[in-house]
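# Results of the structural survey
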Amino acid sequence: MPNAISGFSKLTKSEKIEWLIGTYFSDREAARSLVEQYWNADENIQKLHDEFIENTITNYYLPLGVAPNFLINNKLYTIPMAIEESSVVAAASKAAKFWLDRGGFKAEVISTEKIGQVHFAYNGSFNNLQSFFESIKPKLIEDTKAITKNMERRGGGILDIELRDKTEDLENYYQLHATFETLDAMGANFINSCLEQFAKTFKQEAEKQLNSELDVVMSILSNYVPNCLVRAEVSCPIEDLKSKDISNPKLFAQKFKQAVNIAEVEPYRAVTHNKGIMNGIDAVVLATGNDFRAVEAGVHAYASKDGSYKSLTHCSIENNTFRFWIEIPLALGTVGGLTTLHPLVKFALEMLENPTAKDLMQIVAVAGLAQNFAAVKSLTTTGIQEGHMKMHLLNILNQFEATSEEKKKIVEHFKTNVVTHSAVVEAIEKIRKI
Ligand code: MEV
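In short, a report on the structure. Not measured: the values here are computed from a predicted model. (Residues numbered from 1 in each chain as written. Predicted model: local features only at pLDDT ≥ 70, side-chain atom pairs only at ≥ 80, totals over all residues. Heavy atoms only, no water.)

### A closer look at the environment of Leu241
Along the chain, Leu241 turns up in the loop between β8 (229-237) and α8 (249-265). Its relative accessible area of 0% is what places Leu241 among the buried residues. The sequence separation of Leu241 and Phe322 amounts to 81 residues, and the corresponding C-alpha distance is 8.5 Å. Once residues lying within four places of it in the same chain are set aside, the contact partners of Leu241 are Phe98, Trp99, Arg102, Cys236, Ile246, Pro249, Phe252, Ala253 and Phe322. (Helix = DSSP H or I, 4+ residues; strand = E, 2+ residues; numbered from the N terminus. Buried < 20%, exposed > 50% of the residue type's maximum accessible area, 1.4 Å probe, protein only. Contact = heavy atoms within 4.5 Å.)

### Quick look at the site of the ligand
In the region of the ligand, the neighbouring residues are Glu85, Arg269, Thr272, His273, Lys275, Gly276, Asn279, Ala375, Leu379 and Ile384. The separation between an oxygen atom of the ligand and a polar side-chain atom of Asn279 is 2.9 Å. Within the complex, 86% of the 300 Å² of free accessible area of the ligand lies under protein. When atoms are counted within 2 Å of each cavity's grid points, the one that captures over half of the ligand is the second largest pocket. Sorting the residues of the shell around the ligand by element identifies α9 (267-287) and α12 (357-380) as the ones contributing at least two each. (Near = heavy atom within 4 Å. Polar contact = N/O pair within 3.5 Å; in protein donor to acceptor, adjacent residues only side chain to side chain. Areas by Shrake-Rupley, 256 points an atom, 1.4 Å probe, with all protein chains shown as cover. 1 Å grid on protein atoms, 1.4 Å probe; cavity = no way out; pocket = protein on both sides within 12 Å on 5 of 7 lines; lining within 4 Å. Sits in = over half its atoms within 2 Å of the grid points.)

### Things to note about the sheet that holds strand β10 (residues 321-329)
The four strands lie next to each other as β3-β8-β10-β9, forming an open sheet whose pairing is antiparallel. Pairing within the sheet leaves two strands with one partner each, and these edge strands are β3 (106-109) and β9 (313-318). Taking each pair of neighbouring strands and ignoring which way they run, the sheet shows an average axis angle of 20 degrees. Bridging between β3 and β8 involves four bridges; their strand directions are antiparallel. (Pairing = 2+ DSSP bridges. Axes fitted to C-alpha atoms, helices over the stretch in contact; angles between N-to-C directions.)

### Brief notes about the sheet that holds strand β4 (residues 113-122)
Reading across the sheet, the four strands line up as β5-β6-β4-β7 and stay open at both edges, with antiparallel pairing between neighbours. The open sheet has two free edges, formed respectively by β5 (157-165) and β7 (214-222), since each of these has just one partner strand. Adjacent strand axes in the sheet meet at a mean angle of 20 degrees when their direction is disregarded. Two elements, β4 and β7, share eight bridges in a ladder whose sense is antiparallel. Paired with Phe120 across the bridge in β7 is Val216. Helix α5 (residues 126-142) rests against β4, β5, β6 (173-181) and β7 of the sheet, and its axis sits at about 170 degrees to β5. Seen against the sheet, helix α7 (residues 188-209) touches β4, β5, β6 and β7 and runs at an angle of roughly 165 degrees to β7.

### A short note on empty space enclosed by the protein
What the rule picks out here adds up to one cavity of 30 Å³ or more. Put simply, the largest cavity is a space of about 100 Å³. Lining the largest cavity are 13 residues; nearest its centre among them are Met186, Asn223, Val225, Ala294 and Ala331. Mapped onto the lining of the largest cavity, the elements with two or more residues apiece are β7 and α10 (292-303). If one sorts the elements of the lining of the largest cavity by residue count, α10 sits on top with four residues. Tallied by class, residues from the lining of the largest cavity come to nine nonpolar, three polar and one charged. Two domains each donate at least three residues to the lining of the largest cavity, and these are domain 2 (67-111 + 229-382) and domain 3 (114-221). (Points joined across faces, edges and corners; volume = space filled by probe spheres on them. Nonpolar A, V, L, I, M, F, W, Y, C, P; charged D, E, K, R; others polar. Domains from an automatic or database assignment.)

Written out as structure tokens, the structure is:
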């Protein structure tokens, strides 16, 4: 076991790497050259990445792919996706093309409200607390003016602050529950700064005006944003679903709907169904420099809002029309944070024609819906492995360090044969024996 190290963050980058390599790696030269191989040749770009976080030693690459042909509210987009899973971008592109020929995607933002809370303990009378809160509410807002000035000028800011009695859940527990409009910013810093100022004013005034003890526990935004909602949908007459892989559109529509209905009532399936949706959502969220952990946490909480975990997408067949839609909470930003810092994020946003946060909510929701359409379509027709393994083929070939010539021959062979790991290994061995 290595010894603990103190003052690690104060070491230089090369000292950190030397410590790491000396402590954990048997082939030190190989480890060192791997770390260095992933550095950017441009020192400025490397410095930028070094400074995103603490203790950076190198860069961790993910592919940035694009899925073209997304028609959203009659506008064509090419969607950037940062993801490692081999079939995701291919599936998104396929779904985009399928719906391009059937009127495209329709999307609308339903609401854009963000939430933050000051959690505090108080052991006095609720009536006293409530009148105190009402009397100082204007001051809570007034004292944040330095923080909110710019946001207000653009039309956003604090929407409301409520006092909430949570003592039924936890002894002495109350909240200031605040709502915000943060426009094109995700708003985490703005909200947290406002909350910390509320907490400061609240505590100071409580000490002057209340007889009972009031203790602020913490002030933080909530990543649960059920009122920051977007809806996206596709629809077409059932017979228009007919295509190369759908010979019987009525049967397809019924089976597809049944699969979605299963995910609406069966949590084990719902989790995997929603994971497929998040394949599309996370990839765009990451490519556009947004916080995918925040989005994940909020989306899954929303999926369980009715008391059990459910599908985020829904399907109906009415009046001979197939309709498939998603409704999800997405707190996204297109200004601030990484959006102005990371060169590839800027590139991704420019590719999307510099969307507003609302535009981006629609694009991301569509990516999730498209991904889910592609997955459920495969699952209810050919099964998922056919497409998956075709895409995985290259990964297996790379594991075996296949040459371009070998890859060409083997890809050709598997155009008409089922891809399995052992079949690929067999094919490589066969070629290499010749
Ligand atoms: C794999 O990453 C995602 C799927 O499992 C989603 C689904 O089952 O709907 C294919």
